Amino acid sequence: MATVLRRILVAEFARIRDSAPSELLRVQLRANTIDFTVESEGFALEHLADILGLVPMVSGIASYKLTGTGTFENPQLTLDWSIPELTLKTPEEPITVSEAEGVFIYKDQGLIV
């Protein structure tokens, strides 16, 4: 989990650093502790597949706020997200979902959806 988290954070922080001012990034990484907030109002879902090395299966523009504290070995992460229109690519035909939103919380080595 720690390696995947580091890879995602490094890729997303680099993308935000070079992107539009509609995104906010606040990060403190000390030795083994993390404390950060990342907000975006225009994250293209296709980038998620790139970050994770997967085939792009979804498209749409997401807004999110990701906060994290703790250590790389025991992070506490909260992801609030919303996607006005999400398209899932399938072999038959695309599936469109409107007004998708939710919260993911990762703490104590468990995920709460």
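If you're wondering where the values come from, they're calculated on a predicted model, not measured in any experiment.

## Focus on the nonpolar core
- One finds Phe36, Val38, Phe43, Leu45, Tyr64, Leu66 and Ile83 to be the most contacted residues of the largest nonpolar core, which totals 15 residues.
- Where this core is concerned, the elements lending two or more residues are strand 2 (33-44), strand 3 (58-71), strand 4 (75-88) and strand 5 (95-107).

## Considering the pairing of strand 5
- Two elements, strand 4 and strand 5, share 11 bridges in a ladder whose sense is antiparallel. Counterpart to Thr87 in the pairing with strand 5 is Thr96.
- Linkage of strand 4 to strand 5, two consecutive antiparallel strands, is achieved through a turn of 6 residues.
- For strand 5 and strand 6 (residues 110-112), the ladder comprises 3 bridges, and the chain directions are antiparallel. Of the residues in strand 6, the one forming a bridge with Tyr106 is Leu111.
- Hairpin connection, strand 5 to strand 6: the antiparallel pair is bridged by 2 residues, and Asp108 has positive phi, about 50°.

## A look at the side chain of Ser40
- With respect to the secondary-structure elements, Ser40 resides in strand 2.
- Here Gly42 takes part through its backbone nitrogen, which lies 3.2 Å from a polar atom of the side chain of Ser40.

## Quick notes on the packing of aromatic side chains
- Taken as a whole and assessed by the stated rule, the structure comprises 2 aromatic pairs.
- Relative to Tyr64, the ring of Phe43 has its centre 5.7 Å away and its plane inclined at 90°; by these criteria the two rings are edge-to-face. Placement of Phe43 in strand 2 and of Tyr64 in strand 3 is noted, with a sequence separation of 21 residues between them.
- Judged by its relative accessible area of 7%, Phe43 falls in the buried class.

Cut-off values and rules
- Residues numbered from 1 in each chain as written.
- Predicted model: local features only at pLDDT ≥ 70, side-chain atom pairs only at ≥ 80, totals over all residues.
- Heavy atoms only, no water.
- Core = buried A, V, L, I, M, F, W, Y, C linked by side-chain atoms within 4.5 Å.
- Buried < 20%, exposed > 50% of the residue type's maximum accessible area, 1.4 Å probe, protein only.
- Helix = DSSP H or I, 4+ residues; strand = E, 2+ residues; numbered from the N terminus.
- Pairing = 2+ DSSP bridges.
- Polar contact = N/O pair within 3.5 Å; in protein donor to acceptor, adjacent residues only side chain to side chain.
- Phe/Tyr/Trp six-rings, centres within 6.5 Å; stacked < 30°, edge-to-face > 60°.

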